[in-house]
Amino acid sequence: MRVSRVETAANYVILVGFALFALAPVLTIVLTSVSAPLGETGGLHLSNYVDAWTVGGFGRSLGNSVAVAAIVVSLATVLAILAGYAFGTMRFRGSTVLFYLFLLGLMIPTEATIIPLFFDLRTLGLTDTYLAIAMPQVAQSVAFGTFWLRSQFRALPTSLVEAAALDGAGPLQALVRILVPASKPAIVTMVVLVFMWTWNEFLIALIMAPSGSLRTAPLGLANFQGQYTAETALLAAGAVIVALPTVILFLFLQRHFIRGMLEGVAK
Amino acid sequence: MATRDGIYATSRRSRPSHDTGPAGSTQPTGQGPQPDAPRTDAGARPEAPRRTRRPRPSAVARSAATPYLFILPAFLVYGAFALYPLGRAAQFSLFEWKGFGASTFVGLGNYVELAGDADFRAAIANALLLIVFYAVIPLVVGLVLAAVLRRGQVRGMGFFRTVIFLPQVIALVVVAVAWRQIYSPNGLLNDALRAVGLDVLTRGWLGDPGTALAAVGFIGTWVEMGLVMLLMLSGMSRIPGELFEAARLDGAGAVREFFAITLPAVRGEITVALVLTIIAALKTFDLIYMTTSGGPGNTTTVPSFEVYFRAFELREVGSASAVAIVLTALIFVINVGVSRIGERAS
């Protein structure tokens, strides 16, 4: 297929223009993060990162984020694999209705569940715990993951399960030894997406940990902005610190991200 | 940003077909699991009459209870932390409650009050305008970018795709910090305007009631365009190259080709993109919280911010829950409505 030279040039203009538009805010924040902080002048100030880290307490908030992400990702993955396995490979009464019920979870906005969750968990004395921050996210991720892995397990040939049956495997053995290894790419994609969503989650973390003791990274940044509005250089450094994990993961695992995004929404 | 609760099954293709329906329903068809042709049944008693017995759930699952046991843990968590709270929110919305102490049953009073509530109306109106920025503009931009990448034979396609998609993976809190600096009185935008002599236009973009909403919306455009581009790209990748060749031979230009070939091929993806981005517009919480807190006045408030603000700042839990239920209903209606329109168009 041949494209005229004028058209090719126009195509590049469009692409470069939008690429610059996409990058401009990112570059702005990166450049600001090494610019002179208040009371200093000129030069490259990598020390901003050290200052932001200590002043903003990012060590602690990143640690909280890691803990929450570990709980959400591991629990949601295991539960979704089990449920997706049943929906994807077994026939049973009520499976359609139950599956639609899970599908509903993809449409329930956090805003609708967060108020009762907060007040009910507060009554139980469970706010300001990892459980309060993680479990609502596990629930959302399980809804997505069940839906995601069901189609993965369904797409596998039935002969896999039948062969396992001939070997005398029970349902759990067939899943762990045969189906999970055969589904690694889909599971990795799910893990990557759930990690990213959990890392970036704001509303749940904001409401479920009112005392601030379990602030996650995005909340740490929000808090930092509230306290040091004028310290743009330090604030920018903090922003880069918070954004870095998902950006690095994205750059390394682009295929999984893009495939997941596309298939997740298009399925 | 596409979030967990922002990913929906929308296209018809994806509807769960009924071949995993209740056991004993119609003959299984297609590539779905066909767990129980009797002859796979361990082969022990191939001749045994099995008509009266319910088929086993699958070749390895012998007991009828097995599938339910596998679903149970997921369902308990999902039920306790998603379904049950949704029901509680509906219940809360019928009461007047400050978040502590006694509550008063007011029936649909909270909903009736919303109808005349200026802030709530502003939130809905603002959300509608944000849809232009979050959904309509990214759709146009995404279509153009995908069309260029699909047939323009450009080098560095992977690079452009990655860079333009990048805003999607950055936490919205970080996005807000970056754009606040751009929009600030001494920020990049005003610097650029001064550089070209348009000093009269400079202002604090997020603090000016006339521009704050558009400024927030523009951030939405920046975030969503990469997602839409990628969706369109995946739809367009299904178009066979010969179709473009043929159009070229017939002397069709880029524009005609776009409307004749490209656009019809991605109708399904357009539906998905619109559902996702419209809902993102309705649920803009992080950005609003971090940039304007709904202000100045109520010029940038949106339904999801109203939920938070009413419940935790105004301590009107009932009213906040009513907003949350309206938001949920709105999301359901949009999800179903846009999918229906998409199906009818195709």
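What counts, and where the lines are drawn
- Residues numbered from 1 in each chain as written.
- Chains lettered and ligands numbered in written order.
- Predicted model: local features only at pLDDT ≥ 70, side-chain atom pairs only at ≥ 80, totals over all residues.
- Helix = DSSP H or I, 4+ residues; strand = E, 2+ residues; numbered from the N terminus.
- Buried ≥ 20, exposed ≤ 12 C-beta atoms within 10 Å, placed from the backbone.
- Contact = placed C-beta atoms within 7 Å.
- Axes fitted to C-alpha atoms, helices over the stretch in contact; angles between N-to-C directions.
- Parallel < 35°, antiparallel > 145°, perpendicular 65-115°, else oblique.
- Left-handed = near helix turned anticlockwise from the far one by under 90°.
- Nonpolar A, V, L, I, M, F, W, Y, C, P; charged D, E, K, R; others polar.
- pLDDT = per-residue confidence, 0-100.
- Arc of directions from axis to C-beta.
- Core = buried A, V, L, I, M, F, W, Y, C linked by C-beta atoms within 7 Å.

## Structural notes on the overall build of chain A
- When its secondary structure is counted, chain A shows 13 helices and zero strands.
- Along the three orthogonal principal directions, the C-alpha set of chain A runs to about 75 × 70 × 35 Å.
- Burial statistics for chain A: of 267 residues in total, 52% are counted as buried.
- For chain A, the share of sequence-separated contacts (at least 6 apart) that also reach a separation of at least 24 residues comes to 79%.

## So, the overall build of chain B
- What chain B contains, in helices and strands, is 13 helices and two strands.
- Residue pairs at least 24 apart in sequence account for 67% of intrachain contacts in chain B once pairs closer than 6 positions are excluded.

## Some points on the packing of helix H6 (residues 130-155) of chain A against helix H1 (residues 66-92) of chain B
- Contact geometry of H6(A) with H1(B) gives a least axis separation of 8 Å together with a crossing angle of 125°. When the interaxial angle is binned, H6(A) and H1(B) end up oblique. Our pair here, H6(A) against H1(B), has a crossing hand that is left-handed. Counting all contacts with H6(A), which are made through A:Met135, A:Pro136, A:Val138, A:Ala139, A:Gln140, A:Val142, A:Ala143 and A:Thr146, the residues of H1(B) involved are B:Ala74, B:Val77, B:Tyr78, B:Phe81 and B:Ala82.
- In the contact of H6(A) with H1(B), the residues fall into eleven nonpolar, two polar and no charged.

## Describing the interface of chain B and chain A
- Across the boundary between the two partners, chain B contributes 102 residues, which contact 100 residues of chain A.
- Top element by residues in the side of chain B that touches chain A is H1(B). It accounts for 16 residues.
- Of the residues contributing to the side of chain B that touches chain A, the split by class is 69 nonpolar, 23 polar and ten charged.

## Some points on unusual backbone geometry
Residue and element names in this part refer to chain B.
- A cis amide bond links Gly295 with the next residue in sequence, Pro296, at an omega value of -5°.
- Relative to the elements of secondary structure, Pro296 occurs in the loop between helix H11 (286-291) and helix H12 (303-312).
- A positive phi is found at Arg315, a non-glycine position, where the angle reads about 60°.
- Taking the C-beta count within 10 Å as the criterion, Arg315 has 13 such neighbours and is therefore assigned partly exposed.

## As for the confidence of the model for chain B
- In the predicted model, chain B carries a mean pLDDT of 84, and the fraction of residues at 70 or more is 84%.
- For this predicted complex, the interface confidence score (ipTM) comes to 0.91, while the overall pTM stands at 0.86.

## Some words on the packing of helix H5 (residues 110-123) of chain A against helix H13 (residues 317-345) of chain B
- At a minimum axis separation of 8 Å, H5(A) and H13(B) run at an interaxial angle of 150°. With respect to their mutual orientation, H5(A) and H13(B) come out roughly antiparallel. Relative to H13(B), the crossing made by H5(A) is left-handed. When H5(A) is examined against H13(B), the residues A:Glu111, A:Ala112 and A:Ile115 are found in contact with a partner set consisting of B:Val317, B:Ala320, B:Ser321, B:Ala324, B:Ile325, B:Leu327 and B:Thr328.
- Taken together, the residues that form the contact of H5(A) with H13(B) break down as seven nonpolar, two polar and one charged.

## A short note on helix H4 (residues 95-104) of chain A
- Buried within H4(A) we find A:Ser95, A:Phe99 and A:Phe102. The buried residues of H4(A) occupy an angular sector of 55° when projected down its axis, which confines them to one face. Away from its buried face, by an angle of more than 90 degrees, H4(A) presents the exposed residues A:Val97 and A:Tyr100.
- Check the buried side of H4(A) and you find it contacts helix H3 (58-89) and H6 of chain A together with H1 of chain B.

## Overview of the nonpolar core
- Ranked by size, the top nonpolar core spans 184 residues in total, and within it A:Val138, A:Val142, A:Ala239, B:Val173, B:Val174, B:Val175 and B:Val177 carry the most contacts.
- With residues up to four places along the chain from it excluded, the contact list for A:Val138 reads A:Val72, A:Leu75, A:Ala76, B:Val77 and B:Phe81.

## Regarding the confidence of the model for chain A
- Scored by pLDDT, chain A comes out at a mean of 91, with 96% of its residues at no less than 70.
- Averaged over each element, pLDDT in chain A is lowest for helix H13 (residues 254-266) of chain A (66) and highest for H3(A) (96).

## Remarks on the environment of A:Val30
Residues and elements named next belong to chain A.
- Tracing the sequence through the fold places Val30 in helix H1 (residues 5-33).
- Overall, Val30 belongs to the partly exposed group, with 17 C-beta atoms counted inside 10 Å.
- Sequence-wise, Val30 and Ala239 are 209 residues apart; in three dimensions their C-alpha atoms are separated by 8.9 Å.

## Re the environment of A:Val192
- Note on placement: A:Val192 falls in helix H9 (residues 184-200).
- When the C-alpha positions of A:Val192 and A:Ser159 are compared, they lie 29 Å apart, and in sequence the two are 33 residues distant.

## Overview of the environment of A:Leu179
Residues and elements named next belong to chain A.
- Inspection of the secondary structure puts Leu179 in helix H8 (residues 171-182).
- As for Leu179 and Ala155, which are separated by 24 residues in sequence, their C-alpha atoms are 11 Å apart.
- Apart from residues no more than four positions distant in its own chain, Leu179 is found in contact with Tyr85, Phe153, Leu156, Leu160 and Ala174.

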